[in-house]
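Listed below are the residues making up each chain.
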Amino acid sequence: MTRIVSRETKRCNLKKRSNCWKREEADQLFKQLEEEVVYSTGEEAKVHVFGKLYNIPRKQATHGDAGLTYTYSGVKRSACPWTPTLEYIRDAVTKTTGQAFNFVLVNRYKDGQDHMGEHRDDEKELDPFCPIASVSLGAARDFIFRHRDARGKQSSRQIEPVKLELTHGSLLLMNPPTNTFWYHSLPVRKRVLLPRINLTFRRIVLDSKK
Ligand SMILES: O=C(O)CCC(=O)C(=O)O
Ligand SMILES: [Fe+2]
């Protein structure tokens, strides 16, 4: 695992393993996920921004233990059952990290036009002591972290963003308290023509189980 450093090392606590899965295995996992994952439609495929509903610029699915729900961008999503491939990847991530996960958010970007805006994974139902484990398959994409005090023109501090490339078969661990102090985004990359699937394994505290 490579530790990713910034001047704010203690707070931007990331670890990356580029070759968690070899090329052939990663190809196979991508193919299986394309067959198994059913992406949200209707209300669940939208986000609330300042009281309005918008289509998200990618596809999303949520899977996890029975009964779990997760509110993301103002829309509540319930977890579909684990598929065999998601379970297989989850178990491999648990073996590598020593952490148990009960939920995964799947994001599918059809090409470089699909993206994710700057945000923190700071939902109240997440276990604050558990890292978020991000598995990437398919096209490599840039992933950018910006410190909360260094965003926008009127920012109070000058802290360099942390830029990573998330490649096919890689695993990125976002350890606490990264998501308290750093925002992250997956920007548009017009030259990327191929799809990418990202899985973020999370631990939801069971109080939020309904
Ligand atoms: O696609 C990615 O790598 C980012 C996913 C992400 O930030 C999220 O699911 O919250
Ligand atoms: Fe995120």
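What you see is a predicted model; the values in this text were computed from it and never measured.

Peer 1: I'd like to hear about the coordination of the iron ion (ligand 2), residue by residue, with values.
Peer 2: Here the iron ion (ligand 2) is held by the protein donor atoms His 119 (NE2), Asp 121 (OD), Asp 121 (OD) and His 184 (NE2), which lie 2.1 to 2.8 Å from it. Coordination at the iron ion (ligand 2) is irregular, judged from the six donor atoms that bind it and the angles of 50 to 167° they form at the metal. Sequence spacing of the donors to the iron ion (ligand 2): H-x1-D-x62-H. A residue pair is termed long-range when its members are at least 10 positions apart, and His 119 in strand β9 (residues 116-119) and His 184 in strand β14 (residues 182-186) qualify at 65 residues. His 119 gets classed as buried once you look at its relative accessible area, which sits at 15%.

Peer 1: Just give me the short version of helix α1 (residues 23-36), but keep the residues and values in it.
Peer 2: The first and last C-alpha atoms of α1 sit 20 Å apart over 14 residues, in line with the 20 Å expected at 1.5 Å per residue. Listed in full, the buried residues belonging to α1 are Ala 26, Leu 29, Phe 30 and Leu 33. Summarising the axial view, the buried residues of α1 lie within an arc of 100°, below the 170-degree limit, and thus occupy one face. Of the exposed residues in α1, those oriented more than 90 degrees away from the buried face are Glu 24 and Glu 35. Looking at the buried residues of α1, the elements they touch are α2 (84-97), β10 (132-138) and β15 (196-202).

Peer 1: Before we move on, can you summarise the sheet that holds strand β1 (residues 2-4) with the specific residues and values?
Peer 2: Spatially, seven strands are ordered β1-β2-β13-β10-β15-β8-β5 in an open sheet, and the strand pairing comes out antiparallel. Looking along the sheet, the strands with just one partner apiece sit at the ends: β1 and β5 (59-64). Ignoring which end each strand starts from, the neighbouring axes of this sheet average 20° apart. Here β5 pairs with strand β8 (residues 103-109) via six bridges, running antiparallel. Counterpart to His 63 in the pairing with β8 is Val 104. α2 rests against β2 (13-17), β5, β8, β10, β13 (170-175) and β15 of the sheet, and its axis sits at about 60° to β15.

Peer 1: Which residues make up the pairing of strand β6 (residues 69-72), and what values do they have?
Peer 2: Bridging between β6 and strand β7 (residues 75-78) involves four bridges; their strand directions are antiparallel. Bridge pairing in β7 links Tyr 72 to Val 75. The antiparallel pairing of β6 with β7 creates a hairpin that spans two residues between the two strands, and Ser 73 there sits at a positive phi of about 50°.

Peer 1: Give a detailed account of the site of ligand 1, specifying residues and quantitative values.
Peer 2: Taken together, 15 residues sit near ligand 1, with Tyr 109, Asp 121, His 184, Arg 196 and Arg 202 positioned nearest. Asn 107 is positioned such that a nitrogen or oxygen atom in its side chain is 3.2 Å from an oxygen atom of ligand 1. Interatomic distance of 3.1 Å between a side-chain N/O atom of His 184 and an oxygen atom of ligand 1. Starting from 290 Å² of accessible surface for ligand 1 in isolation, the protein chains cover 100%. Breaking the shell around ligand 1 down by element, the ones donating at least two residues are β8, β9, β14 and β15. Counting residues per element, the shell around ligand 1 draws most heavily on β15, which supplies four residues.

Peer 1: Tell me about the nonpolar core, and name the residues and values.
Peer 2: Judged by nonpolar contacts, the single largest core of 26 residues is most densely connected at Leu 14, Phe 103, Phe 145, Val 162, Leu 164, Leu 172 and Trp 182. With 24 residues, the next largest nonpolar core counts Val 37, Val 106, Leu 171 and Leu 173 among its residues.

Peer 1: Could you give an account of the UniProt feature "domain: Fe2OG dioxygenase" (unreviewed entry) in the protein chain, with specific residues and numbers?
Peer 2: Under the local residue numbering, the UniProt record ascribes the feature "domain: Fe2OG dioxygenase" (unreviewed entry) to residues 100-205. Helix makes up 4% of residues 100-205 and strand 45%, and the two end C-alpha atoms of the span are 12 Å apart.

Definitions and cut-offs
- Numbering of residues starts from 1 in every chain and runs along the sequence as written.
- Written order decides the labels, with chains lettered from A and ligands numbered from 1.
- Predicted model: local features are reported for residues with pLDDT of at least 70 only, side-chain atom pairs are reported and counted for 80 or more only, and whole-chain, interface and lining totals are derived from all residues.
- Side-chain descriptors were evaluated using all non-hydrogen atoms of the structure, hydrogens and water having been removed beforehand.
- Note that water is not among the atoms considered, so a metal site may appear incomplete; the donors listed are N, O and S atoms within 2.8 Å of the metal, with 3.2 Å applied to Na, K and Ca.
- Every geometry call rests on angle ranges, with four donors termed tetrahedral when all angles are between 85 and 135 degrees, four termed square planar and six termed octahedral when opposite donors are over 155 degrees apart and all others are between 65 and 115, and everything else termed irregular.
- Secondary structure counts use DSSP, requiring at least four H or I residues in a row for a helix and at least two E residues in a row for a strand, with both numbered from the N terminus.
- The buried label applies to any residue whose accessible area, calculated with a 1.4 Å probe on protein chains only, is under 20% of its type's maximum; exposed applies above 50%, and partly exposed to all values in between.
- The span you would expect from a helix comes to 1.5 Å times its residue count less one.
- This arc is built from the directions going out from the helix axis to the C-beta atoms.
- Any pair of residues with heavy atoms lying within 4.5 Å of one another is described as a contacting pair.
- Paired strands are those between which DSSP finds at least two bridges.
- Each axis is a line fitted through C-alpha atoms, and for a helix only the stretch in contact is used; angles between axes span 0 to 180 degrees, taken between their N-to-C directions.
- Note on terminology: near, applied to a residue and a molecule or strand, indicates that one of the residue's heavy atoms is within 4 Å of it.
- Pairs of N or O atoms within 3.5 Å make up the polar contacts considered here, provided that, within protein, one atom can donate a hydrogen while the other can accept it, and that residues adjacent in sequence are counted only when both atoms are side-chain atoms.
- Accessibility throughout is a Shrake-Rupley quantity obtained with a 1.4 Å probe, and a residue counts as covered only by protein chains that appear here.
- Throughout this description, the term nonpolar core refers to a set of buried Ala, Val, Leu, Ile, Met, Phe, Trp, Tyr and Cys residues connected via side-chain atoms within 4.5 Å.
- UniProt positions are given in the numbering used here, feature names are shortened, and annotations may be inferred rather than shown by experiment.

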